[in-house]
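The primary structure of each chain is shown beneath.
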Amino acid sequence: MNLHEELRIALETVADPARAAPMQAYMRDQFVFLGVAAPQRRLAARGLLAGLKGIAADTLLEHAQLLWQQPQREYQHVALDMLALHRRQLGVEHLPALLGLARQRAWWDSVDGMAGIVGDVLQAELRRGGDGHAHMVPALQHEDFWLRRIAMLHQLGWRADTDAGWLFDAALALAHEDEFFIRKAIGWALRDYARHAPAEVLAFATEHRQQLSPLSYREALKHQLP
């Protein structure tokens, strides 16, 4: 029995069909679901995914692509769980494949999950002395707004490692956009950094209030405004 058959059995064993319809409705009926909540999904797949330790990155990405092709949304989430678990096996040379996956069946759940994985890869590159952010320039300028969202969000959780210059420049580069998911991402990224540097974010948002959308401004200062 291969990995994908074992994953199918593991997920179907814990699936609750009664949950499938509400999960599908929450995602605006864009995807079908087995009815497996995130905690149960992670528990069911954990042992199988852990068994992939040490496999080649290309094989890891092949597994991710096969999971991405499955109709039920839980399989894309399993692929993200797998890539996150084995993120140390990935390098900047794998970013095109990761971003290519993100563009398939794209919605905020899979895109934001991939943003975290991309961020881990880039943070590791920066710590090795490489120029991780240079790899995000094409994404920031890409015609697909989901890739622009990944570029905006890839430093989430970096705290002291955050390149504030990149963050603020990216926010201004995208500030003119009307797309909700971009405006929300700008605010989210700024608010996340504000946990580490609230004064800097407040100063930036105040200076550029006319350029930022009301949504981005409000989200950026969510924990600072009275």
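Structure: see above.
Presented here is an overview of the structure given in this document.

The rules we used
- The numbering scheme is per chain: residues are counted from 1 as the chain's sequence reads.
- With pLDDT at 70 or above as the cut-off, local features in this predicted model cover only qualifying residues; side-chain atom pairs require 80 or more to be listed or tallied, and sums for whole chains, interfaces and linings still use all residues.
- Here the side-chain values reflect all heavy atoms present in the structure, with hydrogen atoms and water set aside.
- Here an angle of 0 to 180 degrees is reported between the N-to-C directions of two axes, which are lines fitted to C-alpha atoms, with helices fitted over the stretch in contact.
- Helix and strand assignments come from DSSP, with helices taken as H or I runs of at least 4 residues and strands as E runs of at least 2, each series counted from the N terminus.
- Put simply, angles under 35 degrees are roughly parallel, angles over 145 are roughly antiparallel, angles from 65 to 115 are roughly perpendicular, and the rest are oblique.
- In this scheme, a crossing is called left-handed if the near helix is turned counterclockwise away from the far one by less than a right angle; it is called right-handed if the turn is clockwise.
- Pairs of residues are marked as contacts when any of their non-hydrogen atoms sit within 4.5 Å.
- Any residue outside Ala, Val, Leu, Ile, Met, Phe, Trp, Tyr, Cys, Pro, Asp, Glu, Lys and Arg is labelled polar, Gly included; the first ten of those are nonpolar and the last four are charged.
- Only buried residues count toward a nonpolar core, which is a set of Ala, Val, Leu, Ile, Met, Phe, Trp, Tyr and Cys residues joined through side-chain atoms within 4.5 Å.
- Each residue's exposure class comes from its accessible area (1.4 Å probe, protein chains only) as a fraction of the maximum for that residue type: buried when under 20%, exposed when over 50%, partly exposed otherwise.
- The salt bridge criterion pairs a side-chain nitrogen of Lys or Arg with a carboxyl oxygen of Asp or Glu, the two atoms within 4 Å.
- Two N or O atoms count as a polar contact when they lie within 3.5 Å, although within protein this holds only if one can serve as hydrogen donor and the other as acceptor, and sequence-adjacent residues are included solely when both atoms are side-chain atoms.
- Here a Phe, Tyr or Trp ring, Trp counted by its six-membered ring, pairs with any other such ring whose centre lies within 6.5 Å, and the pair is stacked when the planes are under 30 degrees apart, edge-to-face when over 60, and tilted otherwise.
- Throughout this description, the term charge over a ring refers to an Arg CZ or Lys NZ atom that lies within 6 Å of the ring centre and within 35 degrees of the ring normal.
- The span you would expect from a helix comes to 1.5 Å times its residue count less one.

**Considerations on the packing of helix H1 (residues 3-14) against helix H3 (residues 38-50)**
Relative placement of two packed helices is described by the angle separating their axes and the distance separating the axes. Contact pair H1 / H3: the axes reach a minimum separation of 9 Å and the direction vectors enclose 155 degrees. Accordingly, the angle class assigned to the pair H1 and H3 is roughly antiparallel. The chirality of how H1 crosses H3 is right-handed. Together, Leu3, Glu6, Leu7, Ala10, Leu11 and Val14 of H1 and Gln40, Arg41, Ala44, Ala45, Leu48 and Leu49 of H3 make up the contact between the two elements. When the residues that make up the contact of H1 with H3 are grouped by side-chain class, the tally is 9 nonpolar, 1 polar and 2 charged.

**Structural notes on the packing of helix H6 (residues 95-103) against helix H7 (residues 108-127)**
The geometry of H6 relative to H7 is characterised by a closest axis approach of 10 Å and an angle of 170 degrees between their N-to-C directions. It follows that H6 is roughly antiparallel to H7 by the angle criterion. Here H6 contributes Leu95, Leu98, Leu99, Leu101 and Ala102 to the contact with H7, which in turn contributes Val111, Met114, Ile117, Val118, Val121 and Leu122. Among the residues making up the contact of H6 with H7, the classes are represented as 11 nonpolar, no polar and no charged.

**Some thoughts on the nonpolar core**
Residues Leu83, Leu98, Met114 and Ile150 are the most contacted members of the largest nonpolar core, which totals 74 residues. Here this core takes 8 residues from helix H11 (residues 180-194), the largest share from any one element. If we ignore the near neighbours within four places in the chain, the residues touching Ile150 are Leu99, Ala102, Val111, Met114, Ala115, Val118 and Met136.

**Considering the pattern of salt bridges**
Within the structure shown, the criterion is met by 15 salt bridges. Taking the shortest distance from any N to any O, the salt bridge between Arg8 and Glu5 comes out at 2.4 Å. Of this pair, Arg8 and Glu5 both sit in helix H1, 3 residues apart, which is roughly one turn of that helix. Its salt-bridge partner being Arg149, residue Asp112 comes within 2.8 Å of it at the nearest N-O pair. Highlighted residues: Asp112 in helix H7 and Arg149 in helix H9 (residues 145-153), separated in sequence by 37 residues. Note on Asp112: relative accessible area 17%, which makes it buried.

**So, helix H10 (residues 164-174)**
Burial in H10 covers these residues: Trp166, Leu167, Phe168, Ala170, Ala171 and Leu174. Those residues of H10 that are buried are in contact with helix H8 (137-140), H9, H11 and helix H12 (198-207). The distance from a side-chain oxygen at the start of H10 to the backbone nitrogen of Gly165 is 3.1 Å, and the residue carrying that oxygen is Asp163.

**Side note on the packing of aromatic side chains**
Going through the model one piece at a time under the given rule, you end up with 9 aromatic pairs. Pairing Trp107 with Phe181 gives two aromatic rings, centres 5.2 Å apart and planes at 75 degrees, and the pair type is edge-to-face. Taken together, the residues Trp107 in the loop between H6 and H7 and Phe181 in helix H11 connect sequence positions 74 residues apart. Across the pair, exposure class does not vary: Trp107 and Phe181 are buried alike. Geometry around Phe31 places Arg73 over its ring, the cationic atom sitting 3.7 Å from the centre.

**A few points about H7**
Helix length check: H7, at 20 residues, gives a terminal C-alpha distance of 28 Å against a target of 28 Å (1.5 Å per residue), a fit within 8%. Gly129 sits one or two residues past H7 and shows a positive phi near 95 degrees.

**Focus: the side chain of Arg191**
Along the chain, the position of Arg191 falls in helix H11. The class of Arg191 is buried, set by a relative accessible area of 14%. There is a polar contact of 2.5 Å between the side chain of Arg191 and the side chain of Glu219. Contacts of Arg191, omitting those with residues within four sequence positions, involve Glu219, Ala220, Lys222 and His223.

None of the figures reported here should be taken as evidence of function without further support.
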